[in-house]
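Take a look at the letters that make up each chain.
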Amino acid sequence: MTQYGVDLFLVLVLASLGLSALAIFVTFSRNRRQHARGSPPPGDDVASEAARKVLREFEKNGQSVDAALVSWSPETLRKILAEDLPDAQVIVVSNREPYIHNETEDGDVELVVPASGLVSALEPITRACAGTWIAYGGGTADRTVVDRNDRVQVPPGHPSYTLRRVWLSDEEYQGYYLGFANEGLWPLCHIAFTRPIFRESDWEAYEAVNRKFAETVVAEARNERPIVLVQDYHFALLPRMIRERLPEAIVITFWHIPWPNSEVFSICPWRERILDGLLGSSIVGFHTQFHANNFTESVDRFMESRIERADAAISYGGQVTLVHAYPISIEWPVELLQSLPSVEECRARVRRRFKIPAGAKLCVGVERLDYTKGILDRFHALEELFIRHPELVGKVVFLQIAAPSRGTLPAYKQLYEECLRYAEELNERYGSESYRPVLMVAEHHSQASVYEIYRAADICMVTSLHDGMNLVAKEFVASRDDEQGVLLLSTFAGASRELLEALIVNPYDAAMMSEAMLQALTMGSDEQHERMRRMREIVRDNNVYRWAGSMLLDAARLRKRGDLDRVTASYDRANGPAGDNVVSMFERKQAVGFR
Ligand code: F6P
């Protein structure tokens, strides 16, 4: 070939590669745009099927799986369960139940959905898997609605899974929940400068309650191989207890709060027992890689174990535990948004209800009343804003919705009093008869009414001092189908790793926060739209089904590996160790009739 021929050939090859890349890019961007607009694009199911095939190819070649290739929905979860984990029973265990039955003053039974990120994430998953959810029955009418096996079908009206309630005595609740979990582990794991309190009697209650839940898991398991999704810091000992009773179960433990560095963790007098308990899991999940690394470091420091960093695995006591980051999310609220009034109507209603003067911008904060959430720091930033920009007095109202939480504990009582005092101080200093700059509403709100408030807000402030993820940030973004509104987000919340278009703030820096508030208050509609649009795309794509699906795919892989290991062991028992004779896995499978 002449030089000219070679050049022409190269030009043609490059041009065709370029065209293919362009075609892939155009298709990908179109899909993303269609996703961003709302309902899934036509043929989405086909697309997700194709994506699953790509995913399997990755797996076959031993490459890492990119969960981003899949369009995640309840259907995707059901398919994973049916194809990759056939006949597996899904059991969820959490302290907080998804539905609480309470007795009203006039003797009726009312249903409450608790203010809990964990509940809002797990509920759609359990519905999709038609699983069993085991939780503490804390409602005053909980006992009256269960059957003789302490079960009740939920959600009410459209039952799709079983809620199995576990009863705790006052002493158990005090020691396990209020004491060890919330005065010990909670402050230990959050950098909020509240000293953890560890009492031996709390530890004993914690252990006893974990055992009670383990017995309930065994009682609810229909066979030896359920998939148990253990939730949060209330159940650090439960994975090991389940493993002892159901060795073939897949136990996926998700730690919804941060994990501290190993030096801080060493404060806990029962640190080895906690780690041993968690290492009974097949998988331990965290919201961020940072917290997963902290956990691995703690194991490395305190346990006789082998850390396989390349595989994100820990080998301990003859068992392997994967330690991964799975960022939690929300279900994209299609139906909820359809049921809500327009943004204009929500604005009008909320402003009427809270008597917000016309012309004043509305900042909101929504969460459990907890010292990790940085509520006082928000008030501080508002004060700083008024000091630096007195012209804004009268033009901003801060509405704080705080669901009462763990209210009998001294740290929470003190926080509540300080919030009330500070709000009153600001109202006296900057308010008037017709204007109160801070509205502190310490009441539980339903999901619909919280969404109405999000939709009415000009600014949402999520200023946690430390937070595993924070789903309020994601809910606010999801609620704004008008693509307006500004999110101020703490750099210490896991959500700040994903929602990069938020105004990222340091809650300890009141001056910086007040400047971010000013930026939000004066941000033009085009910029709000651009930031909100991108964040909505991320939350819609990385939804809660992806969170659960990624864990279930990892669980399926573990189960297959475990089954193959059993095949090898069984062949070797029958034929003696293979030694130098190389026996393929295929031959071993044939020999023991494994399918
Ligand atoms: O934020 C951690 C967390 O466990 C959430 O997962 C859950 O929403 C909340 O705390 C639990 O709060 P409570 O003690 O009121 O159940």
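Here is a short report on the structure shown in this document. (Residues numbered from 1 in each chain as written. Predicted model: local features only at pLDDT ≥ 70, side-chain atom pairs only at ≥ 80, totals over all residues. Heavy atoms only, no water.)

### So, the site of the ligand
Operational definition: Put simply, a residue is near a molecule or strand once any heavy atom of it comes within 4 Å of that molecule or strand. Counted as a polar contact is a pair of N or O atoms within 3.5 Å, where, for protein atoms, one must be capable of donating a hydrogen and the other of accepting one, and residues adjacent in sequence contribute only when both atoms are in side chains. With residues, only the protein chains shown are counted as cover, and all accessible areas are computed by Shrake-Rupley using a 1.4 Å probe. Secondary structure elements are taken from DSSP: a helix is a run of H or I of four residues or more, a strand is a run of E of two residues or more, and numbering for both begins at the N terminus. Amino acid classes used here: Ala, Val, Leu, Ile, Met, Phe, Trp, Tyr, Cys and Pro are nonpolar; Asp, Glu, Lys and Arg are charged; the rest, including Gly, are polar. As annotated, the domain borders come from an automatic or database domain assignment.
Near the ligand there are 13 residues, and of these Arg96, Ser116, Tyr177, Asp232 and Arg406 occur at the shortest range. At 3.0 Å from an oxygen atom of the ligand is found a main-chain nitrogen or oxygen belonging to Gly117. Within the side chain of Tyr177, one N or O atom sits 2.5 Å away from an oxygen atom of the ligand. Contact with the protein chains hides 90% of the accessible area of the ligand, taken as 390 Å² for the molecule alone. Those elements that provide at least two residues to the shell around the ligand are helix H4 (117–129) and helix H6 (170–189). Here the residues of the shell around the ligand sort into five nonpolar, four polar and four charged. A domain split of the shell around the ligand shows at least three residues from each of domain 2 (74–325) and domain 3 (334–542).

### What to know about the packing of aromatic side chains
Applied cut-off: A pair of Phe, Tyr and Trp rings is counted when the ring centres sit within 6.5 Å of each other, with Trp represented by its six-membered ring. The angle between the planes then sorts it: under 30 degrees is stacked, over 60 is edge-to-face, the rest tilted. Partly exposed residues are those whose accessible area sits between 20% and 50% of the maximum for their type, while under 20% is buried and over 50% is exposed, using a 1.4 Å probe and protein chains only.
Tallied over the entire structure, the rule returns 28 aromatic pairs. Judged by centre distance (5.7 Å) and plane angle (50 degrees), the ring pair of Phe180 and Phe198 falls under tilted. Residue Phe180 is found in helix H6, and its partner Phe198 is found in the loop between H6 and helix H7 (200–220); the two are separated by 18 residues along the sequence. Relative to Tyr233, the ring of Trp186 lies with its centre 5.5 Å away and its plane at 50 degrees, an arrangement referred to as tilted. Highlighted residues: Trp186 in helix H6 and Tyr233 in the loop between strand S7 (227–231) and helix H8 (238–245), separated in sequence by 47 residues. A single burial state applies to Trp186 and to Tyr233, both of which are buried. Among the aromatic side chains, those forming a connected cluster through ring pairs are Tyr176, Phe180, Phe198, Trp203, Tyr206, Phe213, Phe235 and Trp270.

### A closer look at the pattern of salt bridges
How we decide: What makes a salt bridge here is a side-chain nitrogen of Lys or Arg within 4 Å of a carboxyl oxygen of Asp or Glu, nothing more.
The final tally for this structure, using the stated rule, is 37 salt bridges. Of the charged contacts in the structure, one is a salt bridge between Arg164 and Glu220, with a shortest N-O distance of 2.7 Å. Separated by 56 residues along the polypeptide, Arg164 in strand S6 (residues 161–166) and Glu220 in helix H7 bring together distant segments of the chain. We classify Glu220 as buried; its relative accessible area is 7%. Across the pair Arg225 and Glu248 runs a salt bridge whose closest N-O atoms are separated by 3.1 Å. You can see Arg225 sitting in the loop between H7 and S7 and its partner Glu248 sitting in the loop between H8 and strand S8 (250–254), a full 23 residues away along the chain. Owing to a relative accessible area of 34%, Glu248 belongs among the partly exposed residues under this scheme. Connected through shared salt-bridge partners, Glu530, Arg533, Arg534 and Glu537 make up one network.

### A word on the side chain of Thr132
We count it as follows: We call two residues in contact whenever any of their non-hydrogen atoms come within 4.5 Å of each other.
Structurally, Thr132 is set in strand S4 (residues 132–136). The class of Thr132 is buried, set by a relative accessible area of 7%. Setting aside residues up to four positions removed in sequence, Thr132 forms contacts with Gln89, Val90, Ile91, Val92, Thr162, Arg164 and Glu220.

### Brief notes about empty space enclosed by the protein
As a reminder, the rule being used: Throughout, the protein atoms alone are placed on a 1 Å grid, and a set of points is a cavity if a 1.4 Å probe fits but cannot get out or a pocket if it is open with protein on both sides within 12 Å along at least five of seven lines; lining residues have an atom within 4 Å of a point. Grid points are joined across faces, edges and corners, and a volume is the space filled by probe spheres set on the points.
Taken as a whole and assessed by the stated rule, the structure comprises four cavities of 30 Å³ or more. Taken as a whole, the largest cavity spans an internal volume of roughly 60 Å³. Forming the boundary of the largest cavity are Leu122, Ile125, Leu229, Gln231, Ile252, Phe254, Trp547, Ala548 and Met551. Secondary-structure elements contributing two or more residues to the lining of the largest cavity are H4, S7, S8 and helix H20 (544–575). Sort the elements by how many residues they give to the lining of the largest cavity and H20 lands first, with three residues.

### Concerning the sheet that holds strand S9 (residues 283–286)
Spelled out, the test is: The criterion for strand pairing is that DSSP finds at least two bridges linking the strands in question. Between N-to-C directions, angles span 0 to 180 degrees; the directions come from axes that are lines fitted to C-alpha atoms, helices contributing only their stretch in contact.
Here 10 strands make up an open sheet; going across it, the order is S5-S6-S4-S1-S7-S8-S9-S12-S11-S10 and the pairing mixed. Edge positions in the open sheet fall to strand S5 (151–154) and strand S10 (306–308), since each of these has one partner strand only. Recorded for the sheet is a direction-independent mean angle of 20 degrees between the axes of neighbouring strands. In this sheet, strand S12 (residues 319–325) lies alongside strand S11 (residues 313–316) in antiparallel orientation, the contact comprising four bridges. Bridge pairing links Ala313 to Leu322 in S12.

### A short note on the packing of H6 against H7
What counts, and what does not: What sets the label is the angle itself: under 35 degrees gives roughly parallel, over 145 gives roughly antiparallel, 65 to 115 gives roughly perpendicular, and the rest give oblique. Note on convention: the crossing is left-handed when the near helix lies turned anticlockwise from the far helix by less than a right angle, right-handed when the turn is clockwise.
Relative orientation of the contacting elements H6 and H7 amounts to 110 degrees, with a least axis distance of 8 Å. Considering the angle they form, H6 stands roughly perpendicular to H7. Considering only the axes of H6 and H7, their crossing is left-handed. Contacts between H6 and H7 involve Glu171, Glu172, Gln174, Gly175, Tyr176, Gly179, Phe180 and Leu185 from the first element and Asp202, Trp203, Ala205, Tyr206, Val209, Asn210 and Lys212 from the second. Looking at the contact of H6 with H7, its residues break down into seven nonpolar, four polar and four charged.

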